[in-house]
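An overview of the molecular structure
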Amino acid sequence: MDSIWLDGVEWLAVLRIGLGLWWLESWRHKDKKGWFERGTGIAWAADVAAKHRWNAVRSGFGVVVTPRPKVMAYIVVYAELALGLGLVVGLLTPVALIGGLLLNLLYLVLMIHDWAEQGQNAMMALISLVALFAMSWQAWSLDAAIGLFL
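This text gives an overview of the structure that appears in the document. Here the structure is a predicted model, which means the values were calculated and not measured.

Rules used throughout
Residues numbered from 1 in each chain as written. Predicted model: local features only at pLDDT ≥ 70, side-chain atom pairs only at ≥ 80, totals over all residues. Heavy atoms only, no water. Helix = DSSP H or I, 4+ residues; strand = E, 2+ residues; numbered from the N terminus. Buried < 20%, exposed > 50% of the residue type's maximum accessible area, 1.4 Å probe, protein only. Contact = heavy atoms within 4.5 Å. Areas by Shrake-Rupley, 256 points an atom, 1.4 Å probe, with all protein chains shown as cover. Lys, Arg positive; Asp, Glu negative; His and termini not counted. Charge placed at Lys NZ, Arg CZ, Asp CG, Glu CD. Phe/Tyr/Trp six-rings, centres within 6.5 Å; stacked < 30°, edge-to-face > 60°. Lys NZ or Arg CZ within 6 Å of the ring centre and 35° of its normal. Core = buried A, V, L, I, M, F, W, Y, C linked by side-chain atoms within 4.5 Å. Patch = residues over 30% accessible without salt bridge, like charges linked within 9 Å, V, L, I, M, F, W, Y side chains within 5 Å. Salt bridge = Lys/Arg side-chain N within 4 Å of Asp/Glu carboxyl O. Expected span 1.5 Å × (residues − 1).

The next thing to look at is the overall build of the protein. Within the protein, the regular secondary structure consists of 8 helices and 0 strands. When the elements of the protein are put in sequence order from the N terminus, they spell out α-α-α-α-α-α-α-α. Each principal axis of the C-alpha distribution contributes one length, and for the protein these read about 50 × 30 × 25 Å. When burial is assessed residue by residue, the protein has 38% of its 150 residues classed as buried. A sequence separation of at least 24 residues applies to 71% of the contacts in the protein between residues at least 6 apart. Looking at the protein as shown, the accessible area adds up to about 8,600 Å², and 71% of this sits on carbon and sulfur atoms. Across the protein, 11 positive and 11 negative side-chain charges occur, with their mean positions spaced 14 Å apart.

Next comes the structure, spelled out in structure tokens:
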């Protein structure tokens, strides 16, 4: 593979790190006090789910999220932080890429009618797939340094 400035595996690491920074920004800009104390994030998602045209989304949200809004708020917020950190430093990278892909797909399905968010979720999911199948942890990662997933 020919490339300019960096070699191919290093460009894949740049892509992985960029995705990790995107997750960290998603975590950073969240109003944590609102999410944790007032339940704003889960309340917004509950409103979206309640109006969703797909029954599976409405009922799935009702079964998984509605009974435990505080726990789910912590899971969502800290999952974004863990994904970001894991991808930036390259620790348990395949796990982080699969987790991020699943979270993006959940966001994509929940907000299927919100076109403002769909581009972000689709692109993050695509980057996750490329970074996973191209084994983007081969360079500039703790996984490579300690010999994981090689």
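This paragraph deals with the packing of aromatic side chains. Scanning all chains against the criterion turns up 6 aromatic pairs. Ring geometry for Trp137 and Phe149: centres 6.3 Å apart, planes at 70°, overall edge-to-face. On the criterion of sequence distance, the pair formed by Trp137 in the loop between helix H7 (115-133) and helix H8 (142-146) and Phe149 in the segment after H8 is long-range, its members being 12 residues apart. The partly exposed category is assigned to Phe149, whose relative accessible area is 34%. In textbook terms, an aromatic cluster arises when at least three aromatic residues are bridged by ring pairs, as seen for Phe36, Tyr74 and Tyr78. In this structure, Lys32 packs its charged tip against the face of Trp27, placed 4.1 Å from the ring centre.

Moving on to the nonpolar core. Membership of the largest hydrophobic core comes to 27 residues, with the highest contact counts inside it found for Leu19, Trp23, Trp35 and Leu97. Examining the composition of this core, we find that 6 residues originate from one element, helix H5 (residues 69-89), more than from any other. Apart from residues no more than four positions distant in its own chain, Leu97 is found in contact with Leu19, Leu87, Ser128, Ala131, Leu132, Ser136 and Trp137.

Together, Val89, Leu91, Leu92, Val95, Leu142, Ile146, Leu148 and Phe149 make up an exposed nonpolar region whose accessible area comes to about 650 Å². Within the fold, Leu92 resides in the loop between H5 and helix H6 (93-110). What makes Leu92 partly exposed here is its relative accessible area of 43%.

Moving on, we come to the pattern of salt bridges. Here the structure, examined in full by the defined rule, presents 4 salt bridges. Among the salt bridges present, the one from Lys51 reaches Asp47, with a minimum N-O distance of 3.1 Å. Lys51 gets classed as exposed once you look at its relative accessible area, which sits at 64%.

Attention now moves to helix H1 (residues 8-28). Over its 21 residues, H1 extends 30 Å from the first C-alpha to the last, a length consistent with the 30 Å expected when each residue adds 1.5 Å. Regarding H1, the residues found buried are Gly8, Leu12, Ala13, Arg16, Leu19, Gly20, Trp23, Leu24 and Ser26.

Here the focus is the side chain of Ser136. Relative to the assigned elements, Ser136 resides in the loop between H7 and H8. If we ignore the near neighbours within four places in the chain, the residues touching Ser136 are Leu12, Ala13, Arg16, Thr93, Leu97 and Ala131.

Okay, the environment of Glu10 next. Structurally, Glu10 is set in helix H1. Placed 51 residues apart in sequence, Glu10 and Phe61 show a C-alpha to C-alpha distance of 39 Å. Those residues in contact with Glu10 that sit more than four places away from it in its chain are Ala139 and Trp140.

Purely geometric numbers; function is a separate question.
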